[in-house]
Amino acid sequence: MAETRRVYLDHAATTPVHPEVVKIMDYYMLEAFGNPSSIHSLGREARKGVEEAREQVAALMGATANEIVFTAGGTEADNLAIQGVAYGRRDVGNHIITSAIEHHAILHTCQHLEKEGYKVTYLPVDKHGMVDPDDVKKALTPQTILVTIMAANNEVGTIQPSAVIGRVVKEHGQAYYHMDAVQTYGNWPVNVNDLHVDLLTVSSHKIYGPKGVGALYLRKGVKLVPIVFGGSHERKRRAGTENVPGIVGFGKAAEIARETLDQRIAHNTALRDRLISGLLSPIDYAHLNGHPTQRLPNNVNISIEFVEGESMLLNLDMKGIAASSGSACTSGSLEPSHVLLAMGLPHELAHGSLRMTVGTDNNMEDMEHVIATLPDIVRRLRQMSPLYADKIKGHAAAPLTPAGEEHPHDV
Amino acid sequence: MYNEKVMEHFYNPKNVGELKDPDGIGRVGNPTCGDIMQIAIKVKGDRIADVKFQTFGCGAAIATSSMVTEMVKGKTLDEAQEISNRAVADALGGLPPNKMHCSNLAADALHEAIKDYRAKYGGTDRNAATQAQVQAAGETAASTAAASDKPMSGEGKDKH
């Protein structure tokens, strides 16, 4: 049997680790394994590695090293940002503004705070998944202490008007502006000053670094209380012995990203655009989810009518292709993607969504493999689908077109 | 997450498609939850002579649909009526817990198909009916109307 081509198209979930990153982590596990808090030379060497990484992570977002707090990942950084600000500014106000399409690290933390008496506004998005800065302006009150809106969405790749929102928040004066930039950092330019952010979450394993490490940017002067106690690590913001190999690996990954960002963007954009056109043209009743132009260079998200996401994923996996879906079946809950529903997609289209996120390890042949493979899978599943049978016989109900879109992409 | 037997039924499902001139059709689920199953049966005597399915749904939905069609072929209607969703899952060697309630509806679709058949033919043997009666039943849009034409009496073997 011919060897199946492996095509990994789930880089928004996680990335392979860059070999140079592995190499430096190896050194900090086998040789410079000291505790950075120790006085001896092994400890000092580990400390040096952590501080260098802090510089590298800061440089990729235009920040200074002492504004970076390392955490155990993006989720913890989001928790620290939201809980830390909410508890630290209880005397200032109790209102938080966020959006309906945030990652669950944001949404679940906000929901937790609501149970503790905080008020949270969940802003809607348009059909492309974009927040309107005017909505932010209208939602701000004298009680607002934090606005947290992601830089770009992890499912549909829509890049938010973050700098405009930043100016709106600055005009308010009181509220802090936090941004989950996990999908953006290392894939698209991020500059904390251009964006006017006070806090910003980033993660290592989305940029070819190791899992289990992330960071929170904290602008100088921002008031925040820790949520993990037990030592004076990370300038008393986050207790616990530093994950030295992870942090050093993250630093290296950030450095590589900074040096190659332009090439990375060009590479990913070319693959993304080929994949979009190569799939939408042979597959009828397929729609691109997210913004047509304001989207991350690595994100493809399409909904294919009359088929369900998980069955597409399983069939793709058989052909060596790794992707993801917003279908309920793949989320572990009964509801399909909250992002797609917030964009106004009917359930059928959310269930039939397919996310493919490209990366530096992909090439154009990978895209052609997917383009040659998926239409057959869709054809096979549609032959099995009672909804498609209805459609052919002409008694399909018509509600499958997403709200606000006149015609399905019908070729 | 799925065992080999489930994957086998998912990748190579049995009895996919539509039946020409089916005796009963059952459809369950809805697009909101992401699973829709349709099962069509052909009845000879009191036995299921042929069965086909069409399913929109996840791996478990397709595998259970395939499995239930294999289980009921040649069974009497009463025997088929006894098959539960649980039994279908068991026959597949089990399903992940989160699939048990949402995607395990194949037996329900089968029961609906049997109900549809019985509503149309009033529990009598379809094959005993004349071609004209079959035609009439087939053209009767509302199955309730058909059922009221042929009340469940006489030789009706419906279980209650």
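1. Digging into the layout of surface pockets
Residues and elements named next belong to chain A. Estimated volume of the largest pocket: approximately 640 Å³. Forming the boundary of the largest pocket are 34 residues, of which H103, H104, N154, E155 and R355 lie nearest the centre. Going through the elements one at a time, α3 (74-88), α4 (104-115), α11 (328-331) and β12 (353-357) are the ones with two or more residues in the lining of the largest pocket. Among the elements that make up the lining of the largest pocket, the one with the highest residue count is α3 (3 residues). Partitioning the lining of the largest pocket into residue classes produces 7 nonpolar, 21 polar and 6 charged. Lining the lining of the largest pocket are residues from two domains, each supplying at least three of them: domain 1 (7-13 + 261-410) and domain 2 (19-258).

2. Digging into the pattern of salt bridges
Where charged atoms from two side chains of opposite charge come close, those side chains can pair. All names here are of chain A. Here the structure, examined in full by the defined rule, presents 25 salt bridges over all chains. Residue E20 pairs with K252 through a salt bridge whose shortest N-O separation is 3.7 Å. Highlighted residues: E20 in helix α1 (residues 19-30) and K252 in helix α9 (residues 244-280), separated in sequence by 232 residues. Here E20 falls in the partly exposed class, since its relative accessible area comes to 42%. Residue classification places K252 among the buried positions, given a relative accessible area of 17%. The salt bridge involving D273 is made with R272; its shortest N-O contact spans 2.9 Å.

3. What about the interface of chain A and chain B?
The partner chain B presents 30 residues to the 24 residues of chain A that form the contact. In this assembly, chain A packs against chain B so that about 2100 Å² is buried in total across both faces, 63% of it on carbon and sulfur atoms. Summed over the shared surface of chain A and chain B, the number is 3 salt bridges. Across the chain A-chain B interface, the total number found is 11 residue pairs in polar contact (both at pLDDT 80 or more). The set of elements that each furnish at least two residues to the side of chain A that touches chain B consists of α10 (309-318), α13 (347-351), α14 (364-384) and α15 (386-393) of chain A. When its residues are assigned to classes, the side of chain A that touches chain B shows 11 nonpolar, 7 polar and 6 charged.

4. Focus on the sheet that holds strand β9 (residues 286-288) of chain A
Residue and element names in this part refer to chain A. If you trace the 3 strands from one edge of the open sheet to the other, you get β9-β10-β12, paired in antiparallel fashion. In the strand order of this sheet, the two ends are held by β9 and β12, each with one partner. Neighbour-to-neighbour, the strand axes of the sheet open up by a mean angle of 25°, direction not taken into account. In this sheet, β12 lies alongside strand β10 (residues 299-304) in antiparallel orientation, the contact comprising 5 bridges. Across the sheet, residue N299 finds its bridge partner in β12, namely T357. Contacts from α9 reach β9, β10 and β12, with the element oriented near 15° to β10. Contacts between α14 and the sheet are confined to β10 and β12, with β10 contributing the most and set at about 20° to the helix.

5. So, the packing of aromatic side chains
Considering all chains together, one arrives at 8 aromatic pairs over all chains under this definition. On the numbers, 5.4 Å between centres and 55° between planes, the contact of F306(A) with Y388(A) is tilted. Here the residue F306(A) occupies a position in the loop between β10 and α10, and Y388(A) occupies one in helix α15, the gap between them amounting to 82 residues. The residues F306(A) and Y388(A) share a single accessibility class, namely buried. For the pair Y117(B) and Y121(B), a centre-to-centre distance of 5.1 Å together with 45° between the ring planes defines the contact as tilted.

6. Some words on helix α1 (residues 4-11) of chain B
Regarding α1(B), the residues found buried are V6(B), M7(B), H9(B), F10(B) and Y11(B). Contacts from the buried residues of α1(B) go to α10 and α14 of chain A together with α2 (59-72) of chain B.

7. Brief notes about the nonpolar core
With 68 residues, the main nonpolar core has L275(A), M356(A), L374(A) and I41(B) as its most contacted residues. Residues within four places of I41(B) in sequence aside, it is in contact with L19(B), P22(B), D23(B), G24(B), I48(B), D50(B), V51(B), L77(B), L110(B), A113(B), I114(B) and Y117(B).

8. Looking at the sheet that holds strand β2 (residues 68-71) of chain A
Residue and element names in this part refer to chain A. Here 7 strands make up an open sheet; going across it, the order is β2-β8-β7-β6-β5-β3-β4 and the pairing mixed. Edge strands, defined here as strands with exactly one partner in the open sheet, are β2 and β4 (119-123). Averaged over all neighbouring strand pairs, the angle between strand axes comes to 20°, with direction disregarded. The strands touched by helix α6 (residues 162-172) within the sheet are β5 (144-148) and β6 (176-180), with β6 carrying the most contacts at an inclination of about 160°.

9. Topic: the domain arrangement of chain A
Reports of interface size often rely on the accessible area that becomes lost once the parts have come together. Residues and elements named next belong to chain A. Taken as a whole, chain A is organised into domain 1 (7-13 + 261-410) and domain 2 (19-258). Using only C-alpha atoms to locate each centre, domain 1 and domain 2 end up separated by 30 Å. In this complex, domain 1 contributes 30 residues to the contact, which on the side of domain 2 involves 32 residues. Taking both sides of the interface into account, the surface hidden between domain 1 and domain 2 amounts to around 2600 Å²; carbon and sulfur atoms contribute 54%. Among the residues domain 1 hides against domain 2, the three largest losses belong to L261, R264 and L296. Together they make up 26% of the total. Taken together, domain 1 and domain 2 are joined by 0 salt bridges. Here domain 1 is connected to domain 2 by 15 residue pairs in polar contact (both at pLDDT 80 or more). Elements supplying a minimum of two residues to the side of domain 1 that touches domain 2: α9, β10 and α12 (338-342).

10. A few points about the confidence of the model for chain A
Confidence in the prediction for chain A averages 94 pLDDT; 94% of positions are at 70 or higher. The model gives residues 398-411 of chain A a pLDDT under 50, and that stretch makes 34 contacts with residues more than four places away or in other chains.

11. Description of the environment of R264(A)
Residues and elements named next belong to chain A. Relative to the assigned elements, R264 resides in helix α9. Measuring from C-alpha to C-alpha, the distance between R264 and W188 comes to 8.8 Å, with 76 residues separating the pair along the chain. If we ignore the near neighbours within four places in the chain, the residues touching R264 are G186, N187, I207, Y208, I256, A257 and T360. For R264, the side chain forms a polar contact with the main-chain oxygen of G186, separated by 2.9 Å.

Calculation notes
Residues numbered from 1 in each chain as written. Chains lettered and ligands numbered in written order. Predicted model: local features only at pLDDT ≥ 70, side-chain atom pairs only at ≥ 80, totals over all residues. Heavy atoms only, no water. 1 Å grid on protein atoms, 1.4 Å probe; cavity = no way out; pocket = protein on both sides within 12 Å on 5 of 7 lines; lining within 4 Å. Points joined across faces, edges and corners; volume = space filled by probe spheres on them. Helix = DSSP H or I, 4+ residues; strand = E, 2+ residues; numbered from the N terminus. Nonpolar A, V, L, I, M, F, W, Y, C, P; charged D, E, K, R; others polar. Domains from an automatic or database assignment. Salt bridge = Lys/Arg side-chain N within 4 Å of Asp/Glu carboxyl O. Buried < 20%, exposed > 50% of the residue type's maximum accessible area, 1.4 Å probe, protein only. Contact = heavy atoms within 4.5 Å. Buried area = accessible area lost by both parts, 1.4 Å probe. Polar contact = N/O pair within 3.5 Å; in protein donor to acceptor, adjacent residues only side chain to side chain. Pairing = 2+ DSSP bridges. Axes fitted to C-alpha atoms, helices over the stretch in contact; angles between N-to-C directions. Phe/Tyr/Trp six-rings, centres within 6.5 Å; stacked < 30°, edge-to-face > 60°. Core = buried A, V, L, I, M, F, W, Y, C linked by side-chain atoms within 4.5 Å. pLDDT = per-residue confidence, 0-100.

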